[in-house]
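# An overview of the molecular structure
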Amino acid sequence: MLIKRRRGWELKESEATPEAVFHGRRRVVQALGAGAILSAGPGFAGPALAQWADPTASLYPAKRNEKYTVKEPLTPEETATTYNNFYEFGTSKSVVKAAQALKTRPWTVKIDGMVEKPIEVAFDELMKAMPVEERLYRHRCVEAWSMKVPWSGFPLKALVDYAKPLGSAKYVEMFTFNDPKMAPGQNSFYPWPYNEGLTMAEATNELTFISTGLYGKPIHKQNGAPLRLTVPWKYGFKSVKSIVRFNFTDKRPKGFWEQLQASEYGFWANVNPEVSHPRWSQAQETDIGTQEKIPTLLFNGYGEYVADLYKGLEKERLWA
Ligand code: MTE
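Quantities reported herein were computed from a predicted structural model and do not represent experimental measurements.

## Describing the sheet that holds strand S2 (residues 119-122)
Strand order in this open sheet of five strands is S2-S1-S10-S5-S6, and the pairing throughout is mixed. A strand with exactly one partner marks an edge of an open sheet, and here the two such strands are S2 and strand S6 (195-199). Within the sheet, the average angular offset between the axes of one strand and its neighbour, ignoring direction, is 15°. Both strand S1 (residues 108-113) and strand S10 (residues 243-249) contribute to a ladder of four bridges, which runs parallel. Along S10, the bridge assignment pairs isoleucine 111 with phenylalanine 246. With respect to the sheet, helix H5 (residues 156-163) is in contact with S1, S2, strand S5 (171-176), S6 and S10, its orientation differing from that of S10 by roughly 65°.

What follows is the structure, given as structure tokens:
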């Protein structure tokens, strides 16, 4: 299918509008602290902000795992949380306000498919069983922008162990919620709900992370609350946000963007500066914090952890 409409992730940086005013309000909400009922007063954006405080808030800031770090300075929180791709809430980069409609409690996670026994678990219960830590990762979008952020969460391997997949499972597919009333973007013709998949080897690689926190706090709605995938050696579109389902399968999943435009977006989507996107080069990226153009690294700089995963797969389209 040829998509003529320009996508949000193809917007120029100059078209993104910082939501500084909104963030000022958000800090006030956070300052009210855990346990309080947050009500929408006259100074707030509306009833969408009124909800119970997050019962997992005390998990943050989580202890940093120094093994996973970056040399470069981190992207400012204000930038990383106001320049987003979350098509469920709009195709621009400025979805902060719209994404506050995301209702994150109650939040149920379903684990099914090729598992010993299907599980449905409340997110807050799941968090009691997961080892939470903080990691600094580079995050590189296929659109040639990048950032460096402190994610908190747990290795996807911990959830795979919890899920007890059958030996015959070859992939894990992850799905975002499907609720067009809450997320107006889901009224479009796109193949909702957003989904993506990994091989079991990728899913259990030590780098593969489920992010539940960002900048030492529960993860922001616009960044994929309450839990999103983070696979730092792949283009960002693999990192599905606001996950409600993990499905173990022996069939290679076709992700949201592959369903829309297979000539441009494939299953593997590993970062490679030498393989251009059909419509632009991937040799460089713009750091959205500093606005500098920097060289893109093979596997986004994570080759020592993941290059072996692709030995023998050279005939596959590994890079886009
Ligand atoms: N997940 C969902 N459900 N919807 C989306 O639109 N966009 C993807 C990915 N996960 C997307 C998604 C893309 S293209 C990128 S680059 C990253 O989320 C952006 O994550 P960020 O906004 O936290 O930087």
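## Observations concerning empty space enclosed by the protein
Under the defined criterion, the tally for this structure stands at two cavities of 30 Å³ or more. Reported here for the largest cavity is a volume of approximately 270 Å³. Lining the largest cavity are 21 residues, and of these Asn85, Tyr194, Gly236, Ser239 and Lys241 lie nearest its centre. A breakdown of the residues in the lining of the largest cavity according to their chemical character gives 11 nonpolar, seven polar and three charged. Empty space within the second largest cavity amounts to approximately 40 Å³.

## A few points about the side chain of serine 211
Within the secondary structure, serine 211 is located in strand S7 (residues 209-214). If we skip the residues at most four places from it in the chain, serine 211 touches Trp151, Ser152, Gly153, Ile219, Pro226, Leu227, Arg228 and Thr230.

## A word on the pairing of strand S11 (residues 284-287)
In the case of a regular strand, side chains alternate between the two sheet surfaces. Of the strand pairs in this sheet, strand S4 (residues 145-155) and S11 are connected by two bridges, and their pairing is parallel. Bridge assignment links tryptophan 145 to a residue of S11, and that residue is threonine 286. Taken together, the three bridges between S11 and strand S12 (residues 293-295) define a ladder with antiparallel strand orientation. Bridge pairing in S12 places glutamate 285 opposite isoleucine 294. Taken together, S11 and the strand that follows it, S12, pair antiparallel across an intervening segment of five residues, in which glutamine 291 is found at a positive phi of about 70°.

## Remarks on the side chain of asparagine 205
Among the structural elements, asparagine 205 can be located in the loop between helix H6 (200-203) and S7. Non-local contacts of asparagine 205, meaning those with residues more than four positions away in its chain, are made with Trp233, Tyr305, Val306 and Leu309.

## As for H5
Every buried residue of H5 is accounted for by Leu156, Ala158, Leu159, Val160 and Ala163. A positive phi of about 50° marks lysine 164, the residue just after H5.

Parameters and conventions
- Residues numbered from 1 in each chain as written.
- Predicted model: local features only at pLDDT ≥ 70, side-chain atom pairs only at ≥ 80, totals over all residues.
- Heavy atoms only, no water.
- Pairing = 2+ DSSP bridges.
- Helix = DSSP H or I, 4+ residues; strand = E, 2+ residues; numbered from the N terminus.
- Axes fitted to C-alpha atoms, helices over the stretch in contact; angles between N-to-C directions.
- Contact = heavy atoms within 4.5 Å.
- 1 Å grid on protein atoms, 1.4 Å probe; cavity = no way out; pocket = protein on both sides within 12 Å on 5 of 7 lines; lining within 4 Å.
- Points joined across faces, edges and corners; volume = space filled by probe spheres on them.
- Nonpolar A, V, L, I, M, F, W, Y, C, P; charged D, E, K, R; others polar.
- Buried < 20%, exposed > 50% of the residue type's maximum accessible area, 1.4 Å probe, protein only.

Purely spatial values, then, with no claim about function.
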